[in-house]
Amino acid sequence: MVRDTSVDDVTVIATESLSKRFPKVTALDRLSVDVGPGVTGLVGANGAGKSTLIKILLGLSPATEGRADVLGLDVASEGGAIRELVGYMPEHDCLPPDVSATEFVVHMARMSGLPPTAARERTADTLRHVGLYEERYRPIGGYSTGMKQRVKLAQALVHDPRLVFLDEPTNGLDPVGRDEMLGLIRRIHTDFGISVLVTSHLLGELERTCDHVVVIDGGKLLRSSSTRDFTQTTTTLAVEVTDTDEHPDGTRALRDALHARGMDTHTGGGLPGAGHILLLTSQGEETYDLVRDTVADLGLGLIRMEQRRHQIAEVFKDSDEQASTQDARKETAGHDG
Amino acid sequence: MTVERPAAPAATRAGAERDPRAGEQTRIHNIGYRGYDGPRLGRAYARRSLYSQSLRGAYGLGRSAKSKVLPMLLFVVMCLPAGIMVAVAVATKAGDLPVDYTRYAIVMQAVIGLYVAAQAPQSVSRDLRFKTVPLYFSRPIETVDYVRAKYAALASALFVLTAAPLLVLYVGALLAELDFTDQTKGFAQGLVSVALLSLLFAGIGLVIAAVTPRRGFGVAAVIAALTISYGAVSTLQGIAFAQDSTGAVPWLGLFSPITLIDGVQTAFLGAGSAFPGGFGPSSGQGVVFVLVTLGAIAGCYGLLMRRYRKVGL
């Protein structure tokens, strides 16, 4: 039922030195990036060039220089073929209030080239998958923001595209709605087998949802790597233990014991209570076992042992610092997406 | 992902109807995502779909009951006089219809104007106002497809509105056993005239509606454009006629849509002019009328293309 997505080495989006210059502004500056199947986050501040990139990828706006392929099709010459296989959910409101979700999505399915019967079937299926049930027969004007976002998502998915562009899909949603939308985006890939390019200016969201994150700023590529790279290459374990009569300073005893077994540790920095927390770099399963055994041998109580994931935000901050000198220049130039 | 009880082998629809225990076994199956492997009919099909959806929408079909009221009412109002004329002609065995085929639309211009004012904004302003346009252009169709589909749909809707009463007249005339050749010729001339009128009025209505995303403004602007231009032209024509400068009367007709059509059909479609004193354009002047009419239609199309080229995502 779920389509075969095992062709992992296929590139979904590829850009090569892609630039877009407007008379006063450079929206994209020699952007070269490859995006594979899965959920890819496109991160950048407002005006970083995200929307411009999507326009070019849909074949609606010619690039000033460079080239881009979507699903192996050239955006400059095969825009129509791309748009048949791609879905697009805009950031802004785009729904007429006086028709029902069903009528609207059926119409949009036909605009994507689906025959009338297929358009109706796919609409019913898609609306159910995004979580709209009885309300789909009511005029859209009466929907909540969350429901409207679902209709916008449904119209992007109704023709069963191979790739969808979701522009800020969590905008305007409350925390619960945000979580539901993120879960849905995850399912678009895992259950529906459709690759996703989702833009956001919130890094935390993408960390949970995406397989791969592309960070752009001022039209330049800051970083492109898998979420795992961002968050797991330097997995740190935080360990906290109790003190016992035998070992009045349990933390210290554990540290010495771990050192004796060849494990480097460091303390948890300047945070409150950090003196009681040992941080150590995980080398995989063995590290957990080693810590467990050591603690047991010493007869200490293990209060906690948890993974300290590095947040994408930290990585982004690092990149920011690297780019900060360029930023200063860019601020004065001003840019628009 | 489909969960089915082994006791209910392949719960086919027919089986469910026959089996009395089917009720207990009915449950909602969570059918997983199904892909779509069927045909994708592409750009030309999407354009046709947009055309038919817009044409139906112009009569409120496929929309709420409320939006059917006005177009249907105007359609009835448009056809009713034709029906009455036919009834009278048949009953009195009159030798001719009281109104020429070509004259009918001129007489009923207020109704046509109201229809354009109501339906042109309905057709394009909504998409602009609610920003639905980007959803179209993120699909296979392009600006030219959108503009052509919308233009053709409104022109067709207007043609239906203006040709239907002519058909009533024609059928009635044949029932009254009026001269077949005469009537057919008049009917054909009438159809050509209303076809031109439909294209011209649809273009003007759409251009105005496409620059006024607020529907209310659009309605008012279309009515204003049609009535003010006609009012000004016929006033000036009246003054010119009263001052005996009858040479100016036909030329003034170039400046409002309905008098433009009047001029074209007076010159070439055997119509009697509705201009003051019947001073319609001569054949030579008629060429100018035809050129201006075609130019106006092409101009409206060009303006629409320009308007939508700027509407990106």
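The name given to chain B in an unreviewed UniProt entry is Membrane protein, and the organism recorded there is Streptomyces ruber.

Engineer: Got a sec to walk through the interface of chain B and chain A? Specific residues and values, please.
Structural biologist: Every contact between the two is made by 32 residues of chain B and, on the other side, 35 residues of chain A. Counting residues per element, the side of chain B that touches chain A draws most heavily on helix 3 (residues 42-58) of chain B, which supplies 7 residues. Residue composition of the side of chain B that touches chain A, grouped by class: 16 nonpolar, 10 polar and 6 charged.

Engineer: Summarise the nonpolar core; cite the residues concerned and give the values.
Structural biologist: Ranked by internal contacts, the top residues of the largest apolar core, which has 150 residues, are L57, V105 and V164 of chain A together with L154, L169 and L206 of chain B. For this core, the element with the highest residue contribution is helix 8 (residues 143-175) of chain B, accounting for 16 residues. Not counting chain neighbours up to four residues away, the residues in contact with L169 of chain B comprise A82, M85, V86, L97, Y101 and Y104 of chain B. Core analysis: the next-biggest nonpolar cluster, separate from the first, contains 10 residues, V241, L258, L278 and V295 of chain A among them.

Engineer: Residue-level account of the confidence of the model for chain A, with values.
Structural biologist: Residues and elements named next belong to chain A. In this model, chain A carries a mean pLDDT of 83, and residues with pLDDT of at least 70 account for 84%. Confidence drops under pLDDT 50 across residues 1-8; counting only partners more than four residues distant or on other chains, this segment forms 14 contacts. Across residues 319-337, confidence stays below pLDDT 50; counting only partners more than four residues off in sequence or on other chains, it has 24 contacts.

Engineer: Help me get a handle on the environment of G41 of chain A, residues and values and all.
Structural biologist: Residues and elements named next belong to chain A. As for its placement among the helices and strands, G41 is situated in strand 3 (residues 39-43). Note on G41: 27 C-beta atoms within 10 Å, which makes it buried. Separated by 165 residues in the primary sequence, G41 and L206 place their C-alpha atoms 5.9 Å from one another. Beyond its immediate stretch of four places on either side in the chain, G41 contacts V198, S200, L206, T209, C210, V213 and V214.

Engineer: Tell me about the UniProt feature "transmembrane region" (unreviewed entry) in chain B, and please be specific about residues and values.
Structural biologist: Residue and element names in this part refer to chain B. Within this structure's numbering, the places UniProt gives as "transmembrane region" (unreviewed entry) are residues 69-89, 101-118, 151-175, 187-211, 218-242 and 286-304. Segment residues 101-118 splits into 94% helix and 0% strand. End C-alpha atoms: 25 Å apart. Structurally, residues 286-304 is divided into 100% helix and 0% strand, and its ends, taken at the C-alpha atoms, are 27 Å apart.

Engineer: Describe the sheet that holds strand 5 (residues 73-74) of chain A, listing the residues and the values that go with them.
Structural biologist: Residue and element names in this part refer to chain A. Spatially, 2-1-4-5 is the arrangement adopted by the 4 strands of the open sheet, whose pairing is antiparallel. Looking at the sheet topology across the chains shown, the edges are occupied by strand 2 (26-35) and strand 5. Contacting strand 1 (13-21), strand 2 and strand 4 (65-70), helix 1 (residues 50-57) runs over the sheet at an angle of about 115 degrees to strand 1.

Engineer: Residues and numbers for the pairing of strand 3 of chain A, please.
Structural biologist: All names here are of chain A. Across the 5 residues that make up strand 3, a large majority, 5, are buried. Residues V39, G41 and V43 of strand 3 are buried on one face, and the alternating residues T40 and L42, pointing to the opposite face, are buried as well. Inspection of the sheet shows strand 3 paired to strand 8 (residues 195-200) by 5 bridges, in the parallel sense. Bridged to T40 within strand 8 is L197. Bridge analysis of strand 3 against strand 9 (residues 212-217) gives 4 bridges, and the strand direction is parallel. When the bridges of strand 9 are listed, L42 appears paired with V214.

Cut-off values and rules
- Residues numbered from 1 in each chain as written.
- Chains lettered and ligands numbered in written order.
- Predicted model: local features only at pLDDT ≥ 70, side-chain atom pairs only at ≥ 80, totals over all residues.
- Contact = placed C-beta atoms within 7 Å.
- Helix = DSSP H or I, 4+ residues; strand = E, 2+ residues; numbered from the N terminus.
- Nonpolar A, V, L, I, M, F, W, Y, C, P; charged D, E, K, R; others polar.
- Core = buried A, V, L, I, M, F, W, Y, C linked by C-beta atoms within 7 Å.
- Buried ≥ 20, exposed ≤ 12 C-beta atoms within 10 Å, placed from the backbone.
- pLDDT = per-residue confidence, 0-100.
- UniProt positions renumbered as here; feature names shortened; annotations may be inferred.
- Pairing = 2+ DSSP bridges.
- Axes fitted to C-alpha atoms, helices over the stretch in contact; angles between N-to-C directions.

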